[in-house]
Amino acid sequence: RAQAPIEATKRHLPNLPWEKVPLGKPFWQCTEKELKGDPAAPITYVFKSFGDIHTTVPVEPHESERAGRFVRQAKTECGIHTRTTSAGSPHGGALVDLMVKDAAKAKELVDSCVKAVELSERQACDVFCLLHGAFSPLRGFMDETAYKSVVKDMRLPEKQLFGLPVTFDMQDVSGVKQGEKLLLKWKGEDVAVLEASSIYKPNKVVEAKEVYGTSSLEHPTVFSLVQETGAYYVGGNLHGINSVAFPYPVQTPAEVRAVLPEGKPVVAFQNRNPIHRAHFELLVRAQRDVKDSTLLVHPTCGPTQPGDIDGVVRISTYEALKEETKQEFPMFRWAYLPYSMKM
């Protein structure tokens, strides 16, 4: 138990500022109160496995036992210890769900917040994707360690592939201290609570060059990063209070999986513009090429690039095409992804 977070890459060091407490039973058999103690400790770590040097670093109860392992070290794990993702399973092996189901717990989280922040549309899309597991295995916005790892190596600290940083930006962090909580709101409604476990100032020039291959402001996303994104990033675990409501129908990853016939191959098509005739022919032929398959049309419908057609207008074209083709192509499925494109 600790009073403040300790970086994953430093939890193997001696004389750390924490108190070791024998629980007398495996951590997964303990209640949250038993883990945190009385009075409750702000941060709790547990030992998840034993007998192997790389699996004895303590982690937060929700983290993988390999969190923080081998960061910036020229080592790898043998295949028997490396977590794999089988075909069709979520990235990281399990679909993350960060929605708080208990109303009393949700109220307690909201009441503990020191500041409320109204989300931009881009941030609201990221919050939706995090809360419902579209960004699995992430459980919140990236802290500085994860951010730097993804920017430099396109991998999370656990070494799982992750191509782009997922960050929460703020222009002004005055009045917010590390370890405090932020209430995130969308169009006036409480949607999530963010634990501010990491507050840092990114090097946006490095981020642009490493992530997008250029630091030129002629690149639309680099321009947005440099000119429109806040000067500070806040990372930490996210807790869902209400799902983000968009002006178009959306489905969570779990809901999308539920409409896909079990045991059948899925051909997926992701696009950001209205489907034209050549697109549709491609969909039909691709589905026919994979025997007994379901075709998932999965357009991104968040903030667009300059000159793109508005998301709500695009949804209308998809809905019209869906209605026109449902009799002839009953194996088609449609699901709209509220993702803020970074291209």
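Here the structure is a predicted model, which is why all the values come from computation and not from measurement. (Residues numbered from 1 in each chain as written. Predicted model: local features only at pLDDT ≥ 70, side-chain atom pairs only at ≥ 80, totals over all residues. Heavy atoms only, no water.)

(A) Representation of the sheet that holds strand 8 (residues 266-269) within the structure. Taken together, three strands build an open sheet; the order of strands is 8-9-10 and the sheet is parallel. Lying at the two open borders of the sheet, with one neighbouring strand each, are strand 8 and strand 10 (332-334). Between one strand and the next, the sheet's axes are offset by a mean angle of 25 degrees, whatever the strand orientation. Together, strand 8, strand 9 (294-297) and strand 10 form the strand contacts of helix 8 (residues 277-289), whose direction differs from that of strand 8 by roughly 165 degrees. (Pairing = 2+ DSSP bridges. Helix = DSSP H or I, 4+ residues; strand = E, 2+ residues; numbered from the N terminus. Axes fitted to C-alpha atoms, helices over the stretch in contact; angles between N-to-C directions. Contact = heavy atoms within 4.5 Å.)

(B) Structural context of the packing of aromatic side chains. The tally for this structure, following the rule as stated, stands at 13 aromatic pairs. Their ring planes at 45 degrees and their centres at 6.3 Å tell us that Trp186 and Phe246 sit as a pair that is tilted. With a gap of 60 residues between them, Trp186 in strand 4 (residues 181-186) and Phe246 in the loop between strand 7 (232-240) and helix 7 (253-258) connect regions that are remote in the sequence. Ring pairing ties together the aromatic residues Phe128, Trp186, Phe246 and Tyr248, which thus form one cluster. We note Lys187 situated over the ring of Trp186; from NZ or CZ to the ring centre the distance is 4.7 Å. (Phe/Tyr/Trp six-rings, centres within 6.5 Å; stacked < 30°, edge-to-face > 60°. Lys NZ or Arg CZ within 6 Å of the ring centre and 35° of its normal.)

(C) Examining the side chain of Thr167 more closely. Within the fold, Thr167 resides in the loop between helix 4 (144-153) and strand 3 (169-170). The residues touching Thr167, leaving out its near neighbours within four places in the chain, are Asp126, Phe141, Tyr147, Tyr200 and Tyr233.

(D) How the structure looks around the pattern of salt bridges. Per the counting criterion, the structure on display carries eleven salt bridges. With a closest N to O distance of 3.4 Å, Lys264 and Asp292 form a salt bridge. Linking Lys264 in the loop between helix 7 and strand 8 with Asp292 in the loop between helix 8 and strand 9, this pair joins segments that are 28 residues apart in sequence. A salt bridge links Lys326 to Glu323; its shortest N-O distance comes to 2.9 Å. (Salt bridge = Lys/Arg side-chain N within 4 Å of Asp/Glu carboxyl O.)

(E) Representation of the pairing of strand 7. Extensive coverage of strand 7 is indicated by the burial of eight of its nine residues. One ladder, built from two bridges, connects strand 2 (residues 140-141) with strand 7; its direction is antiparallel. Across the sheet, residue Phe141 finds its bridge partner in strand 7, namely Gly236. Taken together, the two bridges between strand 3 and strand 7 define a ladder with antiparallel strand orientation. Within strand 7, the residue paired with Met170 across the bridge is Tyr232. One ladder, built from three bridges, connects strand 5 (residues 189-195) with strand 7; its direction is antiparallel. What sits directly across from Val193, in strand 7, is His239. Here three bridges tie strand 6 (residues 198-200) to strand 7, and the two strands are oriented antiparallel to one another. What sits directly across from Ile199, in strand 7, is Val234. (Buried < 20%, exposed > 50% of the residue type's maximum accessible area, 1.4 Å probe, protein only.)

(F) Quick peek at the packing of helix 5 (residues 204-212) against helix 6 (residues 220-228). The N-to-C vectors of helix 5 and helix 6 enclose an angle of 160 degrees; their axes lie 10 Å apart at closest approach. Considering the angle they form, helix 5 stands roughly antiparallel to helix 6. For the crossing formed where helix 5 meets helix 6, the hand is right-handed. Contacts between helix 5 and helix 6 involve Lys204, Glu207, Ala208 and Tyr212 from the first element and Thr221, Val222, Leu225 and Val226 from the second. (Parallel < 35°, antiparallel > 145°, perpendicular 65-115°, else oblique. Left-handed = near helix turned anticlockwise from the far one by under 90°.)

(G) Representation of the nonpolar core in the model. Val127, Phe141, Met142, Phe168, Leu184 and Leu238 are the most contacted members of the largest nonpolar core, which has 65 residues in total. Sort the elements by how many residues they give to this core and helix 3 (residues 121-131) lands first, with seven residues. Residues within four places of Val127 in sequence aside, it is in contact with Leu119, Phe141, Leu184, Ala192, Leu238 and Val244. Grouped together as the second largest cluster of nonpolar side chains are eight residues, Val110, Cys113, Leu183 and Val193 included. (Core = buried A, V, L, I, M, F, W, Y, C linked by side-chain atoms within 4.5 Å.)

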